[in-house]
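Geometric and topological summary
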Amino acid sequence: MTNKNIFKPFMGLALIGFLLVGCQEDFLDVVPTDRVSDASILSDSTLFEAYVINRYLGVRLTNKEGDAYQPGFGRGFEYAMWSSLTDESIYNNDDNTWFIQQGQLSPQNTGIAGAFWGRSYRSIRECNYALANIGELEMSQSGKDLLIAELKFIRAFRYFDLIKNYGDVVFMGDNVAQLGDDFSDPSFYERIPKEEAIAYASQQLDEAAAVLPQTNSGAWLEGRATRGAALALKSRLLLYAASPLYNDGGSDTQKWQEAAQAAQAVMDLGQYSLYQSGYGELFLTPQSNSEIIFARYYNINARHTALEIANGPNGYDGWGGNVPLQNLIDDYEMMDGTPFSWDNEEQASAPYENRDPRFYESILFNGAPYRDREVETFLPNGRDSQGGPSNWNTSKTGYYLRKFIDEDLPIQNPWEVAGTQNWIYFRYAEILLNYAEAQNEAAGPDASVYDAINAIRSRSGVEMPPLPTGLSQDEMRERIHHERRIELAFEEHRYYDVRRWMTADEVENTPAYGIEIVKAENGSLTYSRKVSLSGKKFETQNYWLPIPRSEILASNNQLEQNPGY
């Protein structure tokens, strides 16, 4: 761990520009400069609370991240999204993603995957600093208790980012490392088993959930953690903990039961429900909605990457961006619930007709209505193909991203208005999927498992047929895995799902396919599958990320690297 990442003093902070919700004018008026001292923070409860709020954000550590505002948890809306390290999409312009898809990840070369270690430990240290000093603050005990709970949530989330990416972690406890400490001490770099880290994070979330407010209201604005957010994070944490990767490839019924109970705890709050005004619209509501449990909220004063130009088709003057793979396209069912197959002559002649409605809300394909015309990826001379304008941005897969894209925002000159969609960390559909998976593994496909999956499939605007009755546990497992792939596409789940299920060695070694469409003079279309990114490769060590070599060197080689790197 380098000094700059975990123990550089952070008593001065860039509070003003980086608050969670860009319209918090009360904080903007506190101090006329953008840096304040630790003494000021500890003597002013408003500044201290602003410091806590700022911990939802992290430092920029890799190229092209945090295009407008600092990163949060995970990766979120960036030029190259996390989906482009999976079988969901590839990033059209590379930007240090292709070599990861091709199995060349190394401690010296981590690309877009190199920020989690440093950013997480820096944030943990910042949380520990606040927790160590909150006793000095002049504030009511109830106010302090709320901030303590909020800090425990943030710290647990940072540990989860570490656990899901690296497995065993260095445990910092409540330590606030300072310059002058003895960083040659080997104990400082010892990694604890992931099981211990999971138990710690789970306990922290229980403690946070007991104190955090039920809802966002008054001064507790949207974007700050609630009881539901803490329980949702615990649900995901325990689902991972029960999965094969975390149990040497095996299955532990008790862990699955605990994961099911954690998801049930969110359901029992009775305050969340599936959004019923359209699957695509779910991701475009400017404020919260019934399905959102916890999100990063953006607005005109606090924007992220302009998604419309970054991911738009070349014929619209877009840059291509995160282009979906045929591997994902083929997994969208037909509207009657049957699988799509290229071996079915009728389906193969019109592959984009009568598919799961979520396909149309997630993917731009040849013939898809978009803005003022239909998308044209066919050759020759399709406007969104190699025969169109700006063809250096033509999709390598024959598809473009629709999910998250707001047609009311411009593609050209978007810089002052675009980038306002909210990044949803947790939503109710995930909780239902978490419950269904855990309950099926713990007890088999009982009625509650069917209810959870069918609720998602039957939501307004999706209205897919219910799952067939009489499924075995293995068959239900396959259905749940499929439902997660479709429902949660591009939301930063697939990368971790195929790893925790230990299926990545199969799915991530499948070539990265796209489609080539040729239009004849009579208007008929011919579809041919193609390899869009050559050399796709996954090896056993890729189940976990490598710790950046700079961190190993900074520890004088006392920090243990992950196996295989």
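Residues numbered from 1 in each chain as written. Predicted model: local features only at pLDDT ≥ 70, side-chain atom pairs only at ≥ 80, totals over all residues. Heavy atoms only, no water.

1. What to know about the overall build of the chain
The criterion, for reference: Note on conventions: DSSP H or I runs of at least 4 residues are helices, E runs of at least 2 residues are strands, and numbering of each starts at the N terminus. Here the globule rule is a power law, 2.2 Å times the number of residues to the power 0.38, and the radius of gyration is based on C-alpha atoms. Here, two residues are considered to be in contact whenever any of their heavy atoms come within 4.5 Å of each other. Note on areas: Shrake-Rupley, 1.4 Å probe, and residue coverage restricted to the protein chains presented here. Charged residues are defined here as Lys and Arg on the positive side and Asp and Glu on the negative side; His and the ends of the chain fall outside this count. One atom stands in for each charge, and that atom is NZ of Lys, CZ of Arg, CG of Asp or CD of Glu.
Across its full length, the chain carries 20 helices and twelve strands. Its C-alpha radius of gyration of 24 Å places the chain within 12% of the 24 Å reference for a compact globule of 565 residues. Reported as C-alpha extents along the three principal axes, the dimensions of the chain are approximately 80 × 55 × 50 Å. When contacts within the chain are restricted to residue pairs at least 6 apart in sequence, those whose partners lie at least 24 apart make up 70%. Surface exposure of the chain reaches about 21,100 Å², of which carbon and sulfur atoms provide 47%. Side-chain charges of the chain comprise 48 positive and 79 negative groups, with the mean position of each set lying 4 Å from the other.

2. Re the nonpolar core
Soluble globular proteins tend to pack their nonpolar side chains together in the buried interior. Cut-off, in case you're wondering: In plain words, nonpolar cores are sets of buried Ala, Val, Leu, Ile, Met, Phe, Trp, Tyr and Cys residues tied together by side-chain atoms within 4.5 Å. Note on exposure labels: buried denotes an accessible area under 20% of the residue type's maximum, exposed denotes more than 50%, and partly exposed covers the range between, all computed with a 1.4 Å probe on protein chains only.
Counting residues in each nonpolar core, the largest one holds 166 residues, and the members touching the most others are Phe48, Phe153, Phe157, Phe294, Tyr352 and Phe404. Here the element with the most residues in this core is helix H7 (residues 141-166); it accounts for twelve residues. Apart from the residues within four sequence positions on either side, phenylalanine 48 is in contact with Ile41, Leu42, Ala130, Ile134, Leu137 and Leu147.

3. Section: helix H8 (residues 194-209)
As a reminder, the rule being used: Multiplying one less than the number of residues by 1.5 Å gives the expected span of a helix.
Taking 1.5 Å per residue, 16 residues should reach 22 Å; H8 reaches 22 Å between its end C-alpha atoms and fits that length. Listed as buried for H8 are Lys194, Ala197, Ile198, Tyr200, Ala201, Ser202, Gln204, Leu205, Ala208 and Ala209. Buried residues belonging to H8 abut H7, strand S2 (169-170), strand S3 (191-192) and helix H9 (227-242).

4. With respect to the pairing of strand S11 (residues 512-519)
Cut-off, in case you're wondering: Strand pairing requires that DSSP identify at least two bridges connecting the strands.
Judged from the eight bridges that link them, S11 and strand S12 (residues 525-533) form a sheet pairing that is antiparallel. Residue alanine 512 lies in a different strand from S12, and its bridge partner there is leucine 533. Here S11 folds back onto S12, and the loop between the two strands holds five residues, one of which, glycine 523, carries a positive phi near 90°.

5. As for unusual backbone geometry
Cis peptide bonds are those with omega within 30 degrees of zero, and the linkage from leucine 379 to proline 380 qualifies with -5°. With respect to the element layout, proline 380 can be found in the loop between strand S8 (373-374) and strand S9 (400-401). The backbone of asparagine 96 sits at a positive phi, close to 65°, despite the residue not being glycine. Along the polypeptide, asparagine 96 turns up in the loop between strand S1 (89-91) and helix H5 (98-101). Even without being a glycine, asparagine 557 presents a positive backbone phi close to 65°. Looking at the secondary structure, you find asparagine 557 in the segment after helix H20 (549-554). In this structure asparagine 557 comes out as exposed when scored by relative accessible area, which is 54%.

6. Topic: the pattern of salt bridges
Applied cut-off: Note on definitions: salt bridges are taken to be side-chain nitrogens of Lys or Arg within 4 Å of carboxyl oxygens of Asp or Glu.
Under the defined criterion, the tally for this structure stands at 36 salt bridges. One salt bridge in this structure joins arginine 119 and glutamate 65, with 2.7 Å as the shortest N-O distance. Separated by 54 residues along the polypeptide, arginine 119 in helix H6 (residues 116-133) and glutamate 65 in the loop between helix H4 (45-54) and S1 bring together distant segments of the chain. We classify arginine 119 as buried; its relative accessible area is 5%. On the accessibility criterion, glutamate 65 (5% relative accessible area) is buried. As a salt-bridge pair, arginine 383 and glutamate 376 come within 3.3 Å of each other at their nearest N and O atoms. Salt bridges here are not isolated pairs; linked through shared partners, they connect Glu291, Glu333, Asp356, Arg358, Lys403, Arg427, Arg457, Arg459, Glu483, Glu487 and Glu491.

7. Let's talk about the packing of aromatic side chains
Quick note on the threshold: Aromatic rings from Phe, Tyr and Trp, with only the six-membered ring used for Trp, were paired whenever their centres fell within 6.5 Å, and each pair was classed as stacked if the ring planes differed by under 30 degrees, edge-to-face if by over 60, and tilted otherwise. Definition used: whenever NZ (Lys) or CZ (Arg) falls within 6 Å of the ring centre and also within 35 degrees of the ring normal, the charge is taken to sit over that ring.
In the structure shown here, the tally under the stated rule is 47 aromatic pairs. Taking 4.7 Å as the distance between ring centres and 75° as the angle between the ring planes, the aromatic pair formed by phenylalanine 171 and tyrosine 200 counts as edge-to-face. Of the two residues, phenylalanine 171 sits in the loop between S2 and S3 while tyrosine 200 sits in helix H8, which places them 29 residues apart along the sequence. Judged by centre distance (5.9 Å) and plane angle (85°), the ring pair of tyrosine 352 and tyrosine 399 falls under edge-to-face. One end of the pair, tyrosine 352, is in the loop between helix H13 (345-349) and helix H14 (357-362); the other, tyrosine 399, is in the loop between S8 and S9, with 47 residues separating them in the sequence. For the pair tyrosine 352 and tyrosine 399, a shared accessibility class is recorded, and that class is buried. Its guanidinium or amino end placed over the ring of tryptophan 220, arginine 224 lies 3.8 Å from that ring's centre, counting from NZ or CZ. The residue whose ring lies beneath arginine 355 is phenylalanine 359, and the NZ or CZ to ring-centre distance is 5.5 Å.

8. Re H9
With 16 residues, H9 should reach 22 Å at 1.5 Å per residue; the first-to-last C-alpha distance of 23 Å fits that figure. With respect to burial, H9 is a largely interior element, 15 of its 16 residues being buried.

9. Things to note about a negative patch on the surface
Short version of the rule: Put simply, a patch holds well-exposed residues, over 30% relative accessible area, that have no salt bridge, with like charges counted together within 9 Å and Val, Leu, Ile, Met, Phe, Trp or Tyr side chains within 5 Å.
Together, Asp181, Asp182, Asp185 and Glu190 give the surface a local cluster of negative charge. The residue aspartate 185 is located in the loop between S2 and S3 in this model.

10. Structural notes on the packing of helix H10 (residues 253-267) against helix H15 (residues 428-443)
Formally: Here the axes come from fitting lines to C-alpha atoms, over the contacting stretch only for helices, and the angles between their N-to-C directions go from 0 to 180 degrees. Should an angle fall under 35 degrees it is taken as roughly parallel, and over 145 as roughly antiparallel, whereas 65 to 115 is taken as roughly perpendicular and any remaining angle as oblique. It is the rotation of the near helix from the far one that decides the hand of a crossing: anticlockwise by less than a right angle makes it left-handed, clockwise makes it right-handed.
Where H10 meets H15, the axes come as close as 8 Å, and the angle between the chain directions of the two elements is 150°. Comparing their axes, H15 and H10 come out roughly antiparallel. Where H10 crosses over H15, the handedness of that crossing is left-handed. Mapping the contact onto sequence places Thr253, Trp256, Gln257, Ala259, Ala260, Ala263, Gln264, Val266 and Met267 in H10 and Tyr428, Ile431, Leu432, Asn434, Tyr435, Glu437, Ala438, Gln439, Glu441 and Ala442 in H15.

11. A look at the environment of proline 324
Within the secondary structure, proline 324 sits in strand S5 (residues 322-324). Here proline 324 falls in the buried class, since its relative accessible area comes to 0%. Along the sequence, proline 324 and glutamine 204 sit 120 residues apart, while their C-alpha atoms lie 37 Å from each other. When near neighbours in sequence (up to four residues on either side) are disregarded, proline 324 contacts Glu88, Ser89, Ile329, Ile363, Thr397, Tyr399, Tyr400, Leu401 and Phe490.

12. Comments concerning the confidence of the model for the chain
The test is simple: What pLDDT conveys is the predictor's confidence in a given residue, as a value from 0 to 100.
Averaged over all residues, the pLDDT of the chain equals 93, while 94% of them reach at least 70. Per-residue pLDDT stays below 50 along residues 1-34; that stretch engages in 100 contacts with residues further than four places along the chain or on separate chains.

13. Let's talk about the side chain of aspartate 384
Heads up, the rule is: What qualifies as a polar contact is a pair of N or O atoms within 3.5 Å, subject to a donor-acceptor requirement within protein and to the restriction that residues adjacent in sequence count only when both atoms come from side chains.
Here aspartate 384 lies in the loop between S8 and S9. Among the polar contacts listed, one links the side chain of aspartate 384 to the backbone nitrogen of glycine 315, at a separation of 3.1 Å. A polar contact of 2.9 Å, which involves the side chain of aspartate 384, links it to the side chain of arginine 373. For aspartate 384, the residues in contact, after removing those within four places along its chain, are Pro313, Asn314, Gly315, Tyr316, Arg373, Glu374, Val375, Glu376, Thr377, Thr394 and Tyr400.

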